[in-house]
Amino acid sequence: MWLPIRIDEQRPEPLYHQIEVQLRGLILGGQLKEGTLLPSIRELAVSLKCSAITVRRVYQDLENEGLIRTRQGTGTFVAGVEPVARDEHRLERLTEELGKAIEIGFQLQCSPEEIETAFRQALDRKSTERGGDAL
């Protein structure tokens with residue numbers, strides 16, 4: 001199975017983190033349904049041109065979160081995620097990423113008002129790009 005995961009060795013985030021964030025997003029976003037068979041550790045490592053140890057860490061982290069299950073001899077599958085848990089996890093990830101952006105704003109010595117203005121402008125721009133309504 002091919003997964004739409006891209007890694008960029010030029011980014012400061014470790015490869016395992018890039019893979020984990022994208023795979024988590026595919027599961028929580030509903031692109032990978034419950035019961036979907038994931039590639040083996042070795043297959044995914046080869047397709048992403050990274051170490052099997054890196055993919056093993058991603059799978060272990062996601063299994064600890066309850067997002068995937070490994071069955072001895074049959075493979076690794078997407079676990080069932082309750083809609084409430086999916087929403088909580090989705091909003092938790094969003095809050096975490098927004099927190100990082102806010103921290104960058106403070107490091108650049110922006111005021112809370114400037115950060116909020118920049119956020120609204122970025123949201124409006126992205127909403128327009130996606131064909132949605134801007135706030």
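Criteria and thresholds
- Residues numbered from 1 in each chain as written.
- Predicted model: local features only at pLDDT ≥ 70, side-chain atom pairs only at ≥ 80, totals over all residues.
- Heavy atoms only, no water.
- Phe/Tyr/Trp six-rings, centres within 6.5 Å; stacked < 30°, edge-to-face > 60°.
- Lys NZ or Arg CZ within 6 Å of the ring centre and 35° of its normal.
- Buried < 20%, exposed > 50% of the residue type's maximum accessible area, 1.4 Å probe, protein only.
- Helix = DSSP H or I, 4+ residues; strand = E, 2+ residues; numbered from the N terminus.
- Arc of directions from axis to C-beta.
- Contact = heavy atoms within 4.5 Å.
- UniProt positions renumbered as here; feature names shortened; annotations may be inferred.
- Expected span 1.5 Å × (residues − 1).
- Polar contact = N/O pair within 3.5 Å; in protein donor to acceptor, adjacent residues only side chain to side chain.

Focus: the packing of aromatic side chains
Under the defined criterion, the tally for this structure stands at 0 aromatic pairs. Looking at Arg 57, its charged tip hangs above the ring of Tyr 16, at a distance of 3.6 Å from the centre. Against the face of Phe 77 rests Arg 71, its NZ or CZ located 4.4 Å from the ring centre.

Quick look at helix H2 (residues 41–48)
Turn by turn, an α-helix covers 3.6 residues, leaving residues three or four places apart pointing in a common direction. Buried within H2 are the following residues: Leu 44, Ala 45 and Leu 48. Relative to the axis of H2, the buried residues are bounded by an arc of 100° and lie together on one face. For H2, exposure combined with an orientation more than 90 degrees from the buried face picks out Arg 42, Glu 43, Val 46 and Ser 47. The secondary structure elements touched by the buried residues of H2 are helix H1 (15–28) and helix H3 (52–64). At the C-terminal side of H2, Lys 49 shows a positive phi close to 55°.

Remarks on the environment of Ile 7
With respect to the helices and strands, the residue Ile 7 is situated in the segment before H1. Taking the C-alpha atoms as reference points, Ile 7 and Leu 44, 37 residues apart in sequence, are found 12 Å from one another. The residues contacting Ile 7, other than those within four sequence positions of it, are Leu 15, Gln 18, Ile 19, Leu 48 and Cys 50.

Some points on the UniProt feature "domain: HTH gntR-type" (unreviewed entry) in the protein chain
In this numbering, the UniProt entry assigns the feature "domain: HTH gntR-type" (unreviewed entry) to residues 13–81. The straight-line gap between the two end C-alpha atoms of residues 13–81 is 27 Å; of that span, 51% is helix and 14% is strand.

Some remarks on H3
The end-to-end C-alpha separation of H3 is 18 Å, in line with the 18 Å expected for 13 residues at 1.5 Å each. Lining the buried residues of H3 we find H1, strand S1 (37–38), H2, strand S2 (68–71) and strand S3 (75–78). By the N-cap criterion, in which a side-chain oxygen at the helix start approaches the backbone nitrogen of a residue two or three places on, H3 is capped by Ser 51, the distance to Ile 53 being 3.0 Å. Backbone geometry just downstream of H3 places Gly 66 in the positive-phi region, at approximately 85°.

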